[in-house]
Amino acid sequence: MTEALARGEKLPVDWKNQIVYYLGPTPAKPGDPIGSCGPTTSGRMDAYTPTMLDQGIKGMVGKGSRTPEVVEAMKRNGATYFAAVGGAAALIAKSVKKYTVLAYPELGPEAVAALEVVDFPAIVVIDCEGNNFYEIGQKPFRNFDINQI
Amino acid sequence: MRELDVKVITENVAEMCKEAAYYLPDDVYRGLKRGRETEKSEVGKIVLDQIIKNAEIAKAEDRPYCQDTGMTIVFLKVGQDLHITGGDLTEAVNAGIAKGYTEGYLRKSVVGEPLFNRVNTKNNTPGVIYTEIVPGDKLDITIAPKGFGSENKSGIKMLVPADGVKGVKKAVMEIILHASMNPCPPMVVGIGIGGTMDRAALLSKKALTRSIDERNPMPEYAKLEEELLEMINQTGIGPQLGGTTSALAVNIEWGPTHIAGLPVAVTICCHAMRHSHRVL
C-alpha cells in the first residue's frame, strides 16, 4: 500500500478513523467466520506504519515493540497501540463475528479484511502521548543487571 | 528385514502435524498453571489466564493453538535395519505435512525462496527435515512446528574457551534481553553449547524437544539451566506485559567441540511449545 501511495495511486480501502489489527489467521473451519487469529509481530509493519498512520488510522492492535518513528507518528496523528495476547489465537477467534476480505485476496492470510468483533481482548500499550506500558510494566519486576554476571 | 511403506509415514506425519498444532503438551500446560500461581504482576496474571484458556479451547475444539502454525521441523531417527518401501522418504514426509496442514485448517506459512521471489508454497512444504541413522528397525518421528515470532529472536554466538560459564551466561542473556517481550513469552529457551556453529544451532532445537520438567542429566548443566531460568525470570519481561513469568524452562544440550571454540546457540520458543512424537 505504501508503494501504491508512492506511485500516486488511490488505496483500495479508506483508512480514515479505522483500527488495524495485524494478523494472519489460519483458514476457517466450515461454519466459522475465521480460524485461529492471534496478533502477529507489529514490528514487521514499522517501516510502513508512519505513512499508514498519516492516512488517518487511529488505532493498531498487534504484539511487540514499535520503533521511535512509529511512536512519533502516533503522537502526530493521535493514534493508540493496543496489545492482544500473543499466541492466544483460539481464544481471540471467539470474539470475531465476521471476516470479509476487502483487498489483496492473493495474499491469503495476509489479505486486507474487515473484522466485526465483540469483546475483543486488547490492552493499551502505547498511548497517543507515547506512554509505553511495555516499559512501565516491566520495571517493577526487573531485578537483573547483565553487568553483574 | 522389517519393511515400512511410505504411505504409513505420510499418514502418521499428517496426523502428527494436526496434533501438534491443536494440543499443547501437558508439561507446558502445567508449567503455565504454575506460572499463574506465582506471577506477581496483575496484568501478567490476566495474560496467563488468557493463555491457559486458549490452550483449553484449542484442545477441546481441535483448533490451532496459535495462528502461526509454524515451519514444520521434523526429526527422523531411522533404524538401520528398517527397509522403507514404496517411495522416497523425504517426499513421504513432505506429503504428510501438506496433507496435515491442508486437512487440519492450519496456516501455510512457507515461501519457496527467501529473498527475491517470496511466493507461498501453499501447503507448508518443504519441512525442515533432519535424518539420523540409528540402530534398530523402527522409525522414530518428532514433529516440532516452529513459529517465527520467536524464531526471529533466536541467535548464536561464537565464544572462545576463555569466556567460560560467565561468557555463556552473558551471551544467552544478551539474546534474551534483546528479544524482550517480542517472542510471545512465557518462553521456553533451548540452548546448544559446543559442536560447530551449525551443530550448536541444531542442539538448541533438539533441546526444545525435551520435557520442560526434565533437567540435563549432567549436574553442571542442570545447575546452569536453573541459574539461567532464574535470571530470565528477573528481567521483568514476564508474560508479554511485564512480570515474573518470563520463561517456563531453560533446556541445554551440549556436544563435543574444537579446542579453540565455544559456540552457544539460543533458540527461543514461545509458550506454544508444540510437539508430537511417534515410533513406527
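Above: the structure in question.
**Q** Looking at this model, I keep getting lost on the sheet that holds strand S10 (residues 276–279) of chain B. Mind explaining?
**A** Picture the strands of a sheet paired through backbone hydrogen bonds; they go either parallel or antiparallel. Residue and element names in this part refer to chain B. Read from one edge to the other, the open sheet built from 4 strands follows the order S4-S2-S5-S10, with strand pairing classed as mixed. Whereas interior strands pair on both sides, the edge strands pair on one side only; in this sheet they are strand S4 (128–134) and S10. For this sheet, the mean angle separating the axes of adjacent strands, direction not counted, is 10°. Bridge count between strand S2 (residues 71–79) and S4: 7 bridges; the pairing is parallel. In the strand pairing of S4, isoleucine 73 is matched with valine 128. In this fold helix H1 (residues 6–22) packs onto S2, strand S5 (139–146) and S10, with an angle of close to 155° to the strand it touches most, S10.

**Q** What should I look at first to understand the packing of H1 of chain B against helix H4 (residues 89–103) of chain B in this one?
**A** Packed helix pairs are characterised by how far apart their axes lie and by the angle those axes make with each other. All names here are of chain B. For the pair H1 and H4, interaxial distance at closest approach is 7 Å and the crossing angle is 40°. Overall, the two elements H1 and H4 adopt an arrangement that is oblique. With respect to the hand of their crossing, H1 and H4 are arranged in right-handed fashion. Mapping the contact onto sequence places Val6, Ile9, Thr10, Glu11, Val13, Ala14, Cys17 and Lys18 in H1 and Leu89, Ala92, Val93, Ala95, Gly96, Ile97, Lys99, Gly100, Tyr101 and Glu103 in H4.

**Q** Is there a simple way to explain the side chain of asparagine 54 of chain B in this structure?
**A** Locating asparagine 54 of chain B in the fold gives a position in helix H3 (residues 42–61). Filtering out sequence-adjacent residues up to four positions away, asparagine 54 of chain B remains in contact with Gly87, Ala88, Ala89, Ala90 and Leu91 of chain A together with Tyr65 of chain B.

**Q** I tried to follow the interface of chain A and chain B on my own but got confused; where do I start?
**A** The parts lose accessible area when they come together, and the size of an interface is often stated as this lost area. Across the boundary between the two partners, chain A contributes 41 residues, which contact 44 residues of chain B. Buried area between chain A and chain B, both sides added, is near 3,600 Å², and the carbon and sulfur share of it is 63%. The largest per-residue losses of area from chain A upon contact with chain B belong to Phe141, Phe144 and Ile149 of chain A, which jointly make up 18% of the total buried on that side. With a shortest N-O distance of 2.8 Å, aspartate 32 of chain A and arginine 63 of chain B are connected by a salt bridge. There are 18 residue pairs in polar contact (both at pLDDT 80 or more) connecting chain A and chain B. Looking at the side of chain A that touches chain B element by element, the count peaks at 4 residues for helix H5 (residues 133–138) of chain A. For the side of chain A that touches chain B, the class distribution of residues is 23 nonpolar, 13 polar and 5 charged.

**Q** Help me understand the sheet that holds strand S2 (residues 59–62) of chain A, please; the structure alone is not making it clear to me.
**A** All names here are of chain A. Taking strand neighbours across the sheet as the criterion, the 4 strands line up as S1-S2-S3-S6 in an open arrangement whose pairing is mixed. In the strand order of this sheet, the two ends are held by strand S1 (19–21) and strand S6 (123–126), each with one partner. Each strand axis lies, on average, 30° off the axis of its neighbour in the sheet, ignoring direction.

**Q** Which parts of the structure should I look at to understand the state of the cysteines?
**A** By definition, a disulfide links two cysteine residues through a covalent bond between their sulfur atoms. Residue and element names in this part refer to chain B. On inspection of all chains with the given rule, the structure shows 0 disulfides over all chains. Here cysteine 184 is not disulfide-linked; the sulfur of cysteine 270 is the nearest cysteine sulfur, at 5.9 Å. On the basis of relative accessible area, cysteine 184 is assigned to the buried category, the value being 7%. The cysteine cysteine 269 is free of any disulfide, with cysteine 270 supplying the nearest cysteine sulfur at 4.4 Å.

Cut-offs applied
- Residues numbered from 1 in each chain as written.
- Chains lettered and ligands numbered in written order.
- Predicted model: local features only at pLDDT ≥ 70, side-chain atom pairs only at ≥ 80, totals over all residues.
- Heavy atoms only, no water.
- Pairing = 2+ DSSP bridges.
- Helix = DSSP H or I, 4+ residues; strand = E, 2+ residues; numbered from the N terminus.
- Axes fitted to C-alpha atoms, helices over the stretch in contact; angles between N-to-C directions.
- Contact = heavy atoms within 4.5 Å.
- Parallel < 35°, antiparallel > 145°, perpendicular 65-115°, else oblique.
- Left-handed = near helix turned anticlockwise from the far one by under 90°.
- Buried area = accessible area lost by both parts, 1.4 Å probe.
- Salt bridge = Lys/Arg side-chain N within 4 Å of Asp/Glu carboxyl O.
- Polar contact = N/O pair within 3.5 Å; in protein donor to acceptor, adjacent residues only side chain to side chain.
- Nonpolar A, V, L, I, M, F, W, Y, C, P; charged D, E, K, R; others polar.
- Disulfide = S-S within 2.5 Å.
- Buried < 20%, exposed > 50% of the residue type's maximum accessible area, 1.4 Å probe, protein only.

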